[in-house]
Amino acid sequence: MTDIATYNFAYLDEQTKRMIRRAILKGIAIPGYQVPFASREMPMPYGWGTGGVQVTASIIGPDDVLKVIDQGADDTTNAVSIRAFFKKVAKVAVTTETAKATIIQTRHRIPEQPLTAGQVLVFQVPIPEPLRFLEPRETETRKMHALEEYGLMHVKLYEDIARHGRIATTYAYPVKVEGRYVMDPSPTPKFDNPKMHRSPALQLFGAGREKRIYAVPPFTGVVSLDFEDHPFEVQTFDQPCALCGAENVYLDEVILDDHGGHMFVCSDTDHCEKRRGDPTSSSWGDRAEGAGGADGQSSPSSTPIPALRADPPHNGEGKEAE
Amino acid sequence: MTDEPLLRVSALSKFYGSRVGCENVTFDLWPGEVLAVVGESGSGKTTLLNCLSTRLLPSSGTASYRMRDGQWRELYRMSEAERRFLMRTDWGFVHQNPADGLRMTVSAGANVGERLMAVGDRHYGRIRATAVDWLSRVEIDEDRIDDEPRAFSGGMRQRLQIARNLVTGPRLVFMDEPTGGLDVSVQARLLDLLRRLVTDLGLAAIVVTHDLAVARLLSQRMMVMKDGRVVESGLTDRVLDDPRAPYTQLLVSSILQV
Ligand SMILES: Nc1ncnc2c1ncn2[C@@H]1O[C@H](COP(=O)(O)OP(=O)(O)O)[C@@H](O)[C@H]1O
Ligand SMILES: [Mg+2]
Ligand SMILES: [Zn+2]
């Protein structure tokens, strides 16, 4: 009757986890380099974060506290499902609070609150190859990385300026890592690119369908590509968050009614709730209180592993959404 | 001019299994010199050109190139990184089919600017100004700069390919039947343009063609190939006006349909 017992800790078998950890270590040793790995089938379709889930499953331990966000929000179906999945298969504590998390799995955002040493940010990546846009041949893109031939990345930015008068790429904005490898930061808004630069946290990237893992170790230089006369800049917003008044954060447009009513609010829901002192923000059922390892042999649940389903992918601006 | 060649080729051979691609080719190319390689289909012209441009490794023989710093380098001993760098800086390669040498899905301006960006130019305005300049030099209207080559005629594509190759100021350009796929009137215009550019820029070039008129117009010297071997070489006017090898005599008298 113990569904859990039929699964290894964190779902993946130990050999698979070791294989993935080796790929992660190699990625850390060569910042920004895409390491091939033998991606496993996960109980969810590709496109819903299988790469990130495998990375998280391979690094998570019983004492970890996991936060999962999707477009900045902890409460979307995808984030809730992945959180519930790890609560179930690893019995770890989960949280929505950025500061309390030891591992944050994310799709499309980096939390507003600066990360600290010891935290790990795991990105779900749909298309790891930044050169794919102009060079579909994998043999050629690998050679370009090996020989540091990155002129093509600027061709893409040149096209942007020629067409739109400015660099119009706003998501998956290419970066150069530690002066060497050009990397796709996954479809996060370029607003978040500066947060990657010399971050004290370890940043890991998992692409399940494409079978690639890459990494940015703590305190690593991450520089957004640009032109001297068209320097990189982040998005700015005309007004502060309509709910908490925050400025200099990434805002989502929320449609209020059928009559064109809308407002701009923090995409980082935890950040917004914290600022508002929202009491409901700490009353979630799956928050950190239920530390998996802590409350011992917690009741072998008879509920099955939650089926991981998710909201339809958000628009990834020209990229296939994860 | 200098008293040293730019390229020295010695006993170069390429076999495809037991089939001869080209065999025992030896010649020097001088700075600013245009050499035409002529011969009928299957005579080994493209094989030779691809070996010289290091797109293909020969079975035996050597080729040395005098780099911009004056140092001689043995081409087939260079690392791939060095060869690729040479190919996008000091060399050009003009394909018969422009689609093989262009990025068809990016604008004409980006096609011309790519090599500049590849060698580290990071100033959009400067890259664009250079692209405008090069488009005008190959007689493409400035207002086509943001169009993709897909929308261009065959002649325009070929001129764009030439601009894309010349933008880094190469010293040596390889061309494989550069006028091959074009209508006769378009060919004539392109030949005029090529001749002018080559002269103005003092380019050295190796031009593969089956068309003796192209050789006559563009080259100072020519090599005639048959079955992978060079059967005659010399100054273009001399070879065409006073062919010595019986095979060249046949070619020139147009008895052979090349
Ligand atoms: N990739 C190849 N594999 C086998 N044989 C080839 C290959 N390429 C060319 N050849 C042969 O080498 C000879 C020279 O061909 P090529 O260099 O293409 O001549 P040309 O350009 O003068 O028409 C021909 O006999 C041709 O069939
Ligand atoms: Mg040929
Ligand atoms: Zn807010």
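Above this text you will find the structure in question.
Residues numbered from 1 in each chain as written. Chains lettered and ligands numbered in written order. Predicted model: local features only at pLDDT ≥ 70, side-chain atom pairs only at ≥ 80, totals over all residues. Heavy atoms only, no water.

*Asks:* Which parts of the structure should I look at to understand the packing of aromatic side chains?
*Replies:* Two numbers describe a pair of aromatic rings. These are the distance of the centres and the angle of the planes. In this structure the tally under the stated criterion is 14 aromatic pairs over all chains. With centroids separated by 6.0 Å and ring planes inclined at 65°, the aromatic side chains of F227 of chain A and Y124 of chain B adopt a geometry described as edge-to-face. With F227 of chain A in the loop between β10 (222-224) and β11 (251-255) and Y124 of chain B in helix α5 (residues 124-137), the pair connects residues from two separate chains. Owing to a relative accessible area of 1%, F227 of chain A belongs among the buried residues under this scheme. Each residue in the set Y65, W91, F93 and F174 of chain B is aromatic and connected to the rest through ring pairs, giving one cluster. If you follow R8 of chain B out to its NZ or CZ, it ends over the ring of W72 of chain B, 5.7 Å from the centre. Taking NZ or CZ as reference, R55 of chain B lies 4.3 Å from the ring centre of F93 of chain B, over its face. (Phe/Tyr/Trp six-rings, centres within 6.5 Å; stacked < 30°, edge-to-face > 60°. Helix = DSSP H or I, 4+ residues; strand = E, 2+ residues; numbered from the N terminus. Buried < 20%, exposed > 50% of the residue type's maximum accessible area, 1.4 Å probe, protein only. Lys NZ or Arg CZ within 6 Å of the ring centre and 35° of its normal.)

*Asks:* Explanation requested: the interface of chain A and chain B in the structure shown.
*Replies:* Accessible area lost during the coming together of the parts is what is often quoted as the interface size. With 21 residues of chain A at the contact, the number on the chain B side is 23 residues. Of the roughly 1900 Å² buried between chain A and chain B on both sides combined, carbon and sulfur atoms contribute 56%. For the chain A face of the interface with chain B, the top three residues by lost area are E149, Y158 and E228 of chain A, together amounting to 29%. Seen at the junction of chain A and chain B, the total is six salt bridges. Between E149 of chain A and R88 of chain B there is a salt bridge, and its shortest N-O distance comes to 2.9 Å. (Contact = heavy atoms within 4.5 Å. Buried area = accessible area lost by both parts, 1.4 Å probe. Salt bridge = Lys/Arg side-chain N within 4 Å of Asp/Glu carboxyl O.)

*Asks:* I'm lost on the side chain of T188 of chain A in this one. Help?
*Replies:* Residue and element names in this part refer to chain A. Tracing the sequence through the fold places T188 in the loop between β7 (181-183) and α6 (193-196). A polar side-chain atom of T188 sits 3.3 Å from the main-chain carbonyl oxygen of P185. Apart from residues lying up to four places away in sequence, T188 is in contact with H108, R109, F123, T170, Y171, A172 and N193. (Polar contact = N/O pair within 3.5 Å; in protein donor to acceptor, adjacent residues only side chain to side chain.)

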